[in-house]
Amino acid sequence: MLQFLFWLSQQLNLVFIIAISVLVVGIIGQRSIYQIQRQIRIRKEAEEKMRLYAKDIEIAKIEIEKQKDQLDSIVSSMGEGLLVCDDKKRCILVNQMAGSLLRSTPSDLAGKPVQECVSFFQANDKEGRQSQFVGLLEEAMTGPDIITKAAVDHFFCQGPDDHCTAFPVALVIAPLLKKGKSAGTITLFRDSTREERIDEMKSEFVSVASHQLRTPLTVINWNLEMLLEEKTEKLSTRQEQYIKDVYKESQRMVALVNDLLNVSRLQSGRVKIEPVATDLEDFIEDIISAYRPLLSQSKRAFIFKRPKRRLPAVPVDRILFRQVIDNFITNAIRYSPADKNSTVTVALAKMKDGYQVSVTDEGIGIPLADQEHIFEKLFRSDNARLAASDGSGLGLYISRMIMDSGGCKLWFESKEGHGSTFYALLPVTGMREKSGEKKFAGGKVE
Ligand code: ADP
């Protein structure tokens, strides 16, 4: 019996162990199947996501290609030449028009240093073409301004083949910005032969008309002078006053005709600049002394602020530079009230980058909205027209052209109702010499 019980317990143990084992194997198996199923599901989801991503990428690729095609067709059908350079001044993008303007092909030009592809230079300075162009690119890269040259600036363009003739060009050079930093330049240019021709025709007309007007005006002036100086012929006081008035107006007309003639000469680059070593202090004093009698008749005070130390002689074309300073002073007087105490200050100073002459007045000032137009031909502010009806709007335009072609700077600061200061800055080396067939005609007559 005992033996039977012992045998039974052994059999039960065995069954128990087998049952437990089956249970454990079952549980483990169940878990593995669950994990495998889970992994299959995750994999399927990942595959689905990948498929969707791939689809998105494909759509984005098509969109990018569409945009690139659009951009390519815009760039290649542009009516202006486009030249994009990197910071090493290598052409990275050249459009069809640039290729044909430069008598080459975009593929020939792309990748080359820009100096080997093109040069833009000023008509009257063919030497150092490359350095002029590289200078312009550097100026555009370092900013802050976009460089613009219109037909009136007389810029020329020459392609890589020196045998082709250079043509007049209008251009814009802007910095190529990447993340707000300059990474090269974008140049847009076009052939401006037609505009130049039209401009030349206008200038020729003005020049011929001014010439024709000058002759009768000179005769009128002579005769009026003779009448005024003739002591034997008795003129009544009234008659004398009439003649004086006519004489003054005819002189103004001579000045206007001269201004027109000068505009056309300066625009066509025909005015020569002949700098001679000049003591600027004496030079300014001489100009000012011509205005003292006029100022003494009004309540205006005149101050000349001299430099702290005597300046060395500076090369300037005295006729042209006098024209600029005369214009500043005439305007300072014209646009400040004669009946109120106000001061016109002329200052000469040595600056870091040259010699500066400034003329400050306490007059009507220039309205902010008009300030960007002040150097435009024939521009006059409304407040200036009210204050003085007799201006022509040519003086500052002429001054600007003189200073530009002489390598000098000209600018102003002004506040409406508070006055203005006009500045002329001569470089340390003085005014730049320039050859030309014409001298400057006459000057302003007050
Ligand atoms: P004009 O004085 O003969 O009109 P300018 O070319 O010399 O021509 O000047 C152009 C315009 O600039 C003037 O009409 C006037 O509006 C403005 N301007 C120049 N100088 C001054 C100044 N000192 N004060 C106020 N406005 C000025």
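A quick note: this is a predicted structure, and the numbers were derived from the prediction, not measured. (Residues numbered from 1 in each chain as written. Predicted model: local features only at pLDDT ≥ 70, side-chain atom pairs only at ≥ 80, totals over all residues. Heavy atoms only, no water.)

Visitor: Could you clarify how one ought to interpret the packing of aromatic side chains in this entry?
Guide: Geometry of an aromatic ring pair is reported as the spacing of the ring centres plus the angle between the planes. Scanning the entire structure with this criterion turns up 8 aromatic pairs. With a centroid separation of 5.5 Å and an interplanar angle of 45°, the aromatic rings of Phe328 and Phe422 are classed as tilted. Residue Phe328 is located in helix 8 (residues 318-334), and its partner Phe422 is located in strand 14 (residues 419-426); the two are separated by 94 residues in the primary sequence. The exposure class assigned to Phe422 is buried, which follows from its relative accessible area of 9%. Cluster of aromatic residues (ring-pair linked, three or more members): Phe328, Phe375, Phe412 and Phe422. In this arrangement the basic side chain of Arg400 is found over the ring face of Phe375, its NZ or CZ atom lying 4.7 Å from the centre. (Phe/Tyr/Trp six-rings, centres within 6.5 Å; stacked < 30°, edge-to-face > 60°. Helix = DSSP H or I, 4+ residues; strand = E, 2+ residues; numbered from the N terminus. Buried < 20%, exposed > 50% of the residue type's maximum accessible area, 1.4 Å probe, protein only. Lys NZ or Arg CZ within 6 Å of the ring centre and 35° of its normal.)

Visitor: I keep staring at helix 6 (residues 237-267) and nothing clicks. Help me out?
Guide: Since the α-helix advances by 3.6 residues per turn, residues separated by three or four positions end up pointing in the same direction. The end-to-end C-alpha distance of helix 6, which contains 31 residues, comes to 45 Å, matching closely the 45 Å that a straight helix rising 1.5 Å per residue would cover. Of the residues trailing helix 6, Gly269 is marked for its positive phi of about 70°. (Expected span 1.5 Å × (residues − 1).)

Visitor: Just checking my understanding: could you explain the sheet that holds strand 12 (residues 354-361) for this structure?
Guide: Within a sheet, adjacent strands bond to each other through the backbone by hydrogen bonds, running parallel or antiparallel. Read across the open sheet, the 5 strands follow the order 9-11-12-14-13; overall the sheet is mixed. The sheet is open, and its two borders are formed by strand 9 (301-305) and strand 13 (409-415), each paired with just one other strand. Direction aside, the axes of adjacent strands within the sheet are offset by 10° on average. When strand 12 meets strand 14, the two strands line up antiparallel, connected through 7 bridges. Paired with Val359 across the bridge in strand 14 is Phe422. (Pairing = 2+ DSSP bridges. Axes fitted to C-alpha atoms, helices over the stretch in contact; angles between N-to-C directions.)

Visitor: What exactly am I supposed to notice about helix 5 (residues 193-229) here?
Guide: The terminal C-alpha atoms of helix 5, which comprises 37 residues, lie 52 Å apart, in line with the 54 Å expected from a rise of 1.5 Å per residue. Buried within helix 5 we find Glu196, Asp199, Ser203, Ser207, Ser210, Leu217, Asn221 and Leu224. Next to the buried residues of helix 5 lie strand 6 (167-178) and helix 6. (Contact = heavy atoms within 4.5 Å.)

Visitor: Is there a simple way to think about the domain arrangement of the protein in this case?
Guide: Put simply, an interface is often sized by how much accessible area is lost when its parts join up. Split into domains, the protein comes out as domain 1 (1-77), domain 2 (79-191), domain 3 (200-267) and domain 4 (276-426). For domain 1 and domain 2, the distance between their C-alpha centres works out to 62 Å. (Domains from an automatic or database assignment.)

Visitor: Could you clarify how one ought to interpret the site of the ligand in this entry?
Guide: Around the ligand there are 21 residues in total, and Asn331, Asp361, Arg380, Ser392 and Leu396 lie nearest to it. With respect to the ligand, the side chain of Asn327 contributes an N or O atom lying 3.3 Å from an oxygen atom. Against a free-state accessible area of 520 Å², the protein chains account for coverage of 99% of the ligand. Taken together, the elements giving at least two residues each to the shell around the ligand come down to helix 8, helix 10 (395-405) and strand 14. Among the elements that take part in the shell around the ligand, helix 8 stands out by supplying 3 residues, more than any other. Its residues assigned to classes, the shell around the ligand comprises 9 nonpolar, 9 polar and 3 charged. (Near = heavy atom within 4 Å. Polar contact = N/O pair within 3.5 Å; in protein donor to acceptor, adjacent residues only side chain to side chain. Areas by Shrake-Rupley, 256 points an atom, 1.4 Å probe, with all protein chains shown as cover. Nonpolar A, V, L, I, M, F, W, Y, C, P; charged D, E, K, R; others polar.)

Visitor: Help me understand the packing of helix 6 against helix 10, please; the structure alone is not making it clear to me.
Guide: Helices that pack against each other are described as a pair by the angle of their axes relative to one another and the distance between those axes. Two numbers describe how helix 6 lies on helix 10: the axes approach to 10 Å, and their chain directions differ by 30°. For the element pair helix 6 and helix 10, the recorded crossing hand is left-handed. Mapping the contact onto sequence places Asp259, Asn262, Val263, Leu266 and Gln267 in helix 6 and Tyr397, Ile398, Met401 and Ile402 in helix 10. Of the residues contributing to the contact of helix 6 with helix 10, the split by class is 6 nonpolar, 2 polar and 1 charged. (Left-handed = near helix turned anticlockwise from the far one by under 90°.)

Visitor: Would you mind going over the packing of helix 5 against helix 6 with me for this structure?
Guide: For the pair helix 5 and helix 6, the least separation of the axes is 8 Å and the interaxial angle reads 155°. With respect to helix 6, the element helix 5 is oriented roughly antiparallel. Viewed along their axes, helix 5 and helix 6 form a crossing whose handedness is left-handed. (Parallel < 35°, antiparallel > 145°, perpendicular 65-115°, else oblique.)

Visitor: Mind showing me how you'd approach the nonpolar core here?
Guide: Across soluble globular proteins, you tend to see nonpolar side chains buried next to one another. Leu280, Phe321, Ile325, Phe328, Ile329 and Val346 are the most contacted members of the largest nonpolar core, which has 48 residues in total. If you tally residues by element for this core, the top one is helix 8, at 8 residues. When neighbours within four sequence positions are excluded, Val346 is seen to be in contact with Ile284, Ile288, Phe302, Ile303, Phe304, Lys305, Ile329, Val357, Ser358 and Val359. In this structure, Leu102, Val114, Phe133 and Val169 belong to the second largest nonpolar core, which totals 24 residues. (Core = buried A, V, L, I, M, F, W, Y, C linked by side-chain atoms within 4.5 Å.)

Visitor: Help me understand the pairing of strand 6, please; the structure alone is not making it clear to me.
Guide: Direction of pairing for strand 4 (residues 147-149) relative to strand 6: antiparallel, over a ladder of 3 bridges. Of the residues in strand 6, the one forming a bridge with Lys149 is Leu171. Bridge count for strand 5 (residues 155-158) against strand 6 is 3 bridges, and the pairing is antiparallel. For Phe156, the partnering residue across the bridge sits in strand 6 and is Pro168. Sheet topology places strand 6 next to strand 7 (residues 181-191); 9 bridges connect them, and they run antiparallel. Note that in strand 7 the partner of Lys178 across the bridge is Lys181. Where strand 6 folds back onto strand 7 in an antiparallel hairpin, the turn is made up of 2 residues, including Lys179, whose phi is positive at roughly 50°.

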